[in-house]
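Listed below are the residues making up each chain.
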Amino acid sequence: MRNSEVLISGASIAGPTLAYWLRKAGFAVTVVERAPAPRPGGQAVDLRGAGRTVITRMGLMDQARAVSVDQRGLALVDASARITARMPADSFGGEGIVSEIEILRGDLGCLLYEAAGSDVEYLFDDTITELDQDDDGVTVTFENSGPRCFGLVIGADGLHSVVRTLAFGPDSDCVRPLDLYTAWFTANDKLDLDDWYQMYNAPGGLVASARPGRQPGEIKAGLSFRSAPITYDRRDSAEQRDIVAGRFDRAGWEVPRLLRAMRTASDFFFDSVGQVRLDHWSRGRVALLGDAGYCPTPLSGLGTSLALVGAYVLAGELAAVGGDHRIAFENYDRVMRPYVSKAQRLPPGGASGYAPSSALAIRMRAASMRSMTRWPMRNLMARQFAKAGNIALPDYEFVSG
């Protein structure tokens, strides 16, 4: 087998999934991850469409269901906490705005990490600083470990991918911003959600949300706002918290409680929202996977499906041609490109539909949601949600066999 030693950057969802399938096909796999250990907790992600199929083929569906988050669906609320619209989790066959199977990112990552097995080597608390390709492989320089050579390097390291920056160029060349920013964090508060994922819109493009976690009294909170590009230090958590607090001052609903929880949350995360658009997902011996190559944004609800499916397809194509990256990477692009293109088409309204600017637009959003399960909106939304399964997964002999 050619290129039998593969380095994967990123140990969230796409990376461990790829590691699992590559090991099953006989590759030697190393995963490098900036965090000191698998990341726990995090926000809920959807298991839907072809992503469910990949989890099933890995034999993990029962385990995924066992650690899924128990919630009734999505409910829009006003400043007085009155529900203005709702969509139960079983709408559209369990694959509506909120999927029937939602699982905390850290819980899913843990399942995938354990499934990959002890044969996968992990380099935690480290990152790639340099890539040097030649005809024989890729010499990789790490921040903490010594230099090593691999046959292939796969970037599965998210929206701000280090691998993509080194092989393709800066974020400004690859990421299309949506002028939307989001903070995620855990709040341990007795907020009565009645098991609904509650979302509140305020004029000015503000969105506050709270959903049940998996542990008693655990709330998974989000604060999003629309804005022209802003400059901030991505390593300065205090500055980021100040930015969010300033935007949501006097926003209403349960926002004051969420802001207090945000100040002390140990898992606070803040970032811009954007899509990654590239004509090719590989450069020589380096390829991109998941959000690093084709982030569809959280607004699509398909990021996890793309990560799982992309990992399965990339491993399958490499195995099918004995590790010949030139053929495998081309076939990976051919199989995934139509699926990715459809997944990156955002729901009607895009960022403005998610975060309306005016009180009138907020009322219209609620009215639109109330009509989603009725004709003719139902057919339109059914096509939107069906995109998660809009790919015929190949049955790779060397992977699934």
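Residues numbered from 1 in each chain as written. Predicted model: local features only at pLDDT ≥ 70, side-chain atom pairs only at ≥ 80, totals over all residues. Heavy atoms only, no water.

K.L.:
I keep staring at helix H4 (residues 105-116) and nothing clicks. Help me out?
P.N.:
Since the α-helix turns once every 3.6 residues, residues separated by three or four places project in the same direction. Over its 12 residues, H4 extends 16 Å from the first C-alpha to the last, a length consistent with the 16 Å expected when each residue adds 1.5 Å. Those residues of H4 that fall on the buried side of the exposure criterion are Gly106, Asp107, Leu108, Gly109, Leu111, Leu112 and Ala116. A positive phi of about 90 degrees marks Gly117, the residue just after H4. (Helix = DSSP H or I, 4+ residues; strand = E, 2+ residues; numbered from the N terminus. Expected span 1.5 Å × (residues − 1). Buried < 20%, exposed > 50% of the residue type's maximum accessible area, 1.4 Å probe, protein only.)

K.L.:
When you look at the sheet that holds strand E10 (residues 148-150) in this model, what are you seeing that I'm missing?
P.N.:
By way of backbone hydrogen bonds, the strands of a sheet pair with one another, either parallel or antiparallel. With antiparallel pairing, three strands are arranged side by side in an open sheet as E8-E9-E10. In this open sheet, the two edge strands, each paired with only one partner strand, are strand E8 (128-133) and E10. Strand-to-strand twist of the sheet, defined as the mean angle between neighbouring strand axes without regard to direction, takes the value 30 degrees. (Pairing = 2+ DSSP bridges. Axes fitted to C-alpha atoms, helices over the stretch in contact; angles between N-to-C directions.)

K.L.:
Would you mind showing me how to read the environment of Val340 here?
P.N.:
With respect to the element layout, Val340 can be found in helix H11 (residues 325-343). Using a relative accessible area of 3% as the deciding quantity, one classes Val340 as buried. Excluding its chain neighbours within four sequence positions, the residues that come into contact with Val340 are Trp281, Tyr294 and Leu306. (Contact = heavy atoms within 4.5 Å.)

K.L.:
So what exactly am I meant to see when it comes to the packing of helix H2 (residues 49-57) against helix H10 (residues 303-320) here?
P.N.:
When two helices pack together, their arrangement is captured by the angle between the axes and the distance separating the axes. Here H2 crosses H10 at 50 degrees, and the two axes come no closer than 8 Å. The pairing of H2 with H10 is recorded here as oblique in orientation. Taken as a pair, H2 and H10 cross one another with a handedness that is left-handed. Residues Ala50, Gly51, Val54, Ile55 and Arg57 of H2 pack against Ser305, Leu308, Val309 and Tyr312 of H10. Residue classes in the contact of H2 with H10 are distributed as six nonpolar, two polar and one charged. (Parallel < 35°, antiparallel > 145°, perpendicular 65-115°, else oblique. Left-handed = near helix turned anticlockwise from the far one by under 90°. Nonpolar A, V, L, I, M, F, W, Y, C, P; charged D, E, K, R; others polar.)

K.L.:
Is there a simple way to explain empty space enclosed by the protein in this structure?
P.N.:
If a probe the size of a water molecule is rolled over the atoms, the empty space left behind becomes visible. Under the definition given, this model contains one cavity of 30 Å³ or more. Estimated volume of the largest cavity: approximately 40 Å³. As for the largest cavity, its lining consists of Ala187, Asp189, Leu191, Ile219, Glu254, Arg257 and Leu258. Classifying every residue of the lining of the largest cavity by side-chain character gives four nonpolar, no polar and three charged. (1 Å grid on protein atoms, 1.4 Å probe; cavity = no way out; pocket = protein on both sides within 12 Å on 5 of 7 lines; lining within 4 Å. Points joined across faces, edges and corners; volume = space filled by probe spheres on them.)

K.L.:
Sorry if this is basic, but what is going on with the sheet that holds strand E7 (residues 121-124) here?
P.N.:
Strand order in the open sheet formed by six strands is E7-E2-E1-E11-E18-E17, and the pairing between neighbours is mixed. What marks the edges here is a single partner per strand, and that holds for E7 and strand E17 (282-283). Across four bridges, strand E1 (residues 5-9) lies against strand E11 (residues 152-155) in parallel orientation. Residue pairing in the sheet places Leu7 in a bridge with Val153 of E11.

K.L.:
When you look at the layout of surface pockets in this model, what are you seeing that I'm missing?
P.N.:
Looking at the second largest pocket, its volume works out to about 330 Å³. Along the wall of the second largest pocket there are 17 residues; nearest its centre are His160, Asp171, Pro177, Tyr181 and Ser272. Secondary-structure elements contributing two or more residues to the lining of the second largest pocket are helix H6 (171-174), strand E12 (175-188) and strand E16 (269-276). When grouped by side-chain class, the residues that make up the lining of the second largest pocket number nine nonpolar, four polar and four charged.

K.L.:
Can you walk me through the packing of helix H1 (residues 14-24) against H10 in this structure?
P.N.:
Remark: H1 packs on H10, axes separated minimally by 8 Å, with the N-to-C direction vectors making an angle of 30 degrees. In terms of orientation, H1 lies roughly parallel with respect to H10. In this structure, the crossing between H1 and H10 has a hand that is right-handed. Every residue of H10 that contacts H1 at Ala14, Thr17, Leu18, Trp21 and Leu22 is listed here: Ala307, Leu308, Ala311, Tyr312, Leu314, Ala315 and Leu318. Per-class residue counts for the contact of H1 with H10 are 11 nonpolar, one polar and no charged.

K.L.:
Explain the pattern of salt bridges to me, please; I cannot follow it from the model alone.
P.N.:
Once the charged atoms of two side chains with opposite charge are near each other, the side chains can pair. All told, the structure shown has 17 salt bridges when counted by the stated rule. Where Asp78 meets Arg82, a salt bridge forms, and the shortest distance between an N and an O atom there is 3.2 Å. Linking Asp242 and Arg263 is a salt bridge whose minimum nitrogen-to-oxygen distance equals 2.7 Å. Taken as a pair, Asp242 in helix H7 (residues 237-247) and Arg263 in helix H8 (residues 255-264) lie far apart in primary sequence, 21 residues in all. What emerges from the salt-bridge pattern is a single network uniting Arg2, Asp324 and Arg326. (Salt bridge = Lys/Arg side-chain N within 4 Å of Asp/Glu carboxyl O.)

K.L.:
Looking at this structure, how should I read H8?
P.N.:
Within the span of H8, buried status applies to Val255, Leu258, Leu259, Ala261 and Met262. Buried residues of H8 fall within an arc of 165 degrees about the axis and therefore sit on the same side. Exposed residues lying more than 90 degrees from the buried face of H8 are Arg260 and Thr264. On the buried face of H8, the contacting elements are E12, strand E13 (196-202), strand E14 (206-212), strand E15 (218-226) and H7. (Arc of directions from axis to C-beta.)

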